[in-house]
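# A closer look at the structure
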Amino acid sequence: MEVLEKYQLKFYKLADGRVDVKSDGDFIILSDFIFIYRDVEDVEDFISDLNLAINNSIDDIDDNDYGGQLGSYYNAEIMENGLVIWQEVWEDRLTVPLEDMRDILQEWKVWLKD
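This report concerns the structure included in the present document. Here the structure is a predicted model, which means the values were calculated and not measured.

### A look at the environment of Gln87
Tracing the chain through its elements places Gln87 in strand β5 (residues 82–87). Residue Gln87 is classed as buried on the basis of its relative accessible area of 2%. With 83 residues separating them in the primary sequence, Gln87 and Leu4 have C-alpha atoms 22 Å apart. Here Gln87 is in contact with Ile29, Tyr73 and Tyr74, once residues within four sequence places are set aside. Of note is the side chain of Gln87, whose polar atom sits 3.1 Å from the side chain of Tyr74.

Listed below in structure tokens is the structure:
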């Protein structure tokens, strides 16, 4: 839970059963990016790739490019120093440490399963 507070992330269950994620301030891009991943299998694959990178096996990741291929205007790439997230319309980039991103996605996966 601490990692969610660090990035000001809040997960919500909507009345119709869907889940949502919100953040304030500097981390809105992170919450919007996470929201793209609402399929548990996709989240599990993402976590597996992050674990490879954390364990210095980034070359074993089939495709470290996340985001754009999902039809969104968010782009992300798993790098050795973290997950770098950006939007095509903004030049600002957010780098989230690999361990933090893995922990966030593990929390998100729990919300998706409930």
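### Quick look at the packing of aromatic side chains
If you walk through the whole model with that rule in mind, you get six aromatic pairs. Ring centres of Phe11 and Trp108 lie 4.9 Å apart, and the angle between their planes is 55 degrees; on these two criteria the pair is classed as tilted. Placement of the pair is Phe11 in strand β1 (residues 9–13) and Trp108 in helix α4 (residues 98–113), with a sequence separation of 97 residues. With respect to burial, Phe11 and Trp108 carry one shared label: buried. Aromatic pair Phe11 and Trp111: ring centres 6.0 Å apart, planes at 75 degrees, arrangement edge-to-face. With Phe11 in strand β1 and Trp111 in helix α4, this pair connects stretches of sequence that are 100 residues apart. On the accessibility criterion, Phe11 (8% relative accessible area) is buried. Chaining the aromatic ring pairs together yields one cluster made of Phe11, Trp108 and Trp111. Taking the ring centre of Phe35 as reference, the NZ or CZ of Arg38 above it sits at 4.1 Å. A cation sits over an aromatic face here: Arg93 above Trp86, 4.1 Å from the ring centre.

### Some points on helix α3 (residues 40–54)
With 15 residues, α3 should reach 21 Å at 1.5 Å per residue; the first-to-last C-alpha distance of 21 Å fits that figure. Those residues of α3 not exposed but buried are Val43, Phe46, Ile47, Asp49, Leu50 and Ala53. Summarising the axial view, the buried residues of α3 lie within an arc of 160 degrees, below the 170-degree limit, and thus occupy one face. The opening residue of α3, the one whose side-chain oxygen lies 3.1 Å from the backbone nitrogen of Glu41, is Asp39. Asn56 sits one or two positions beyond α3 and adopts a positive phi of about 60 degrees.

### Comments concerning the environment of Glu99
Structurally, the position occupied by Glu99 is in helix α4. Relative accessible area serves as the criterion here: at 39%, Glu99 is assigned to the partly exposed category. Taking C-alpha positions, Glu99 is 7.7 Å from Leu50, a pair spaced 49 residues apart along the chain.

### Topic: the sheet that holds strand β4 (residues 74–79)
Strand order in the open sheet made by the four strands is β3-β4-β5-β6, with antiparallel pairing throughout. With partners counted over all chains shown, the strands left at the sheet margins are β3 (65–66) and β6 (93–96), one partner each. As paired elements, β4 and β5 share six bridges and run antiparallel to each other. Its bridge partner being in β5, Met79 is matched across the sheet by Gly82. Relative to β5, helix α2 (residues 28–36) is tilted by about 95 degrees, and along the sheet it contacts β3, β4, β5 and β6. Where α3 meets the sheet, it contacts β3, β4 and β5, and its direction lies at approximately 35 degrees from that of β4.

Reading guide: rules and limits
Residues numbered from 1 in each chain as written. Predicted model: local features only at pLDDT ≥ 70, side-chain atom pairs only at ≥ 80, totals over all residues. Heavy atoms only, no water. Helix = DSSP H or I, 4+ residues; strand = E, 2+ residues; numbered from the N terminus. Buried < 20%, exposed > 50% of the residue type's maximum accessible area, 1.4 Å probe, protein only. Contact = heavy atoms within 4.5 Å. Polar contact = N/O pair within 3.5 Å; in protein donor to acceptor, adjacent residues only side chain to side chain. Phe/Tyr/Trp six-rings, centres within 6.5 Å; stacked < 30°, edge-to-face > 60°. Lys NZ or Arg CZ within 6 Å of the ring centre and 35° of its normal. Expected span 1.5 Å × (residues − 1). Arc of directions from axis to C-beta. Pairing = 2+ DSSP bridges. Axes fitted to C-alpha atoms, helices over the stretch in contact; angles between N-to-C directions.

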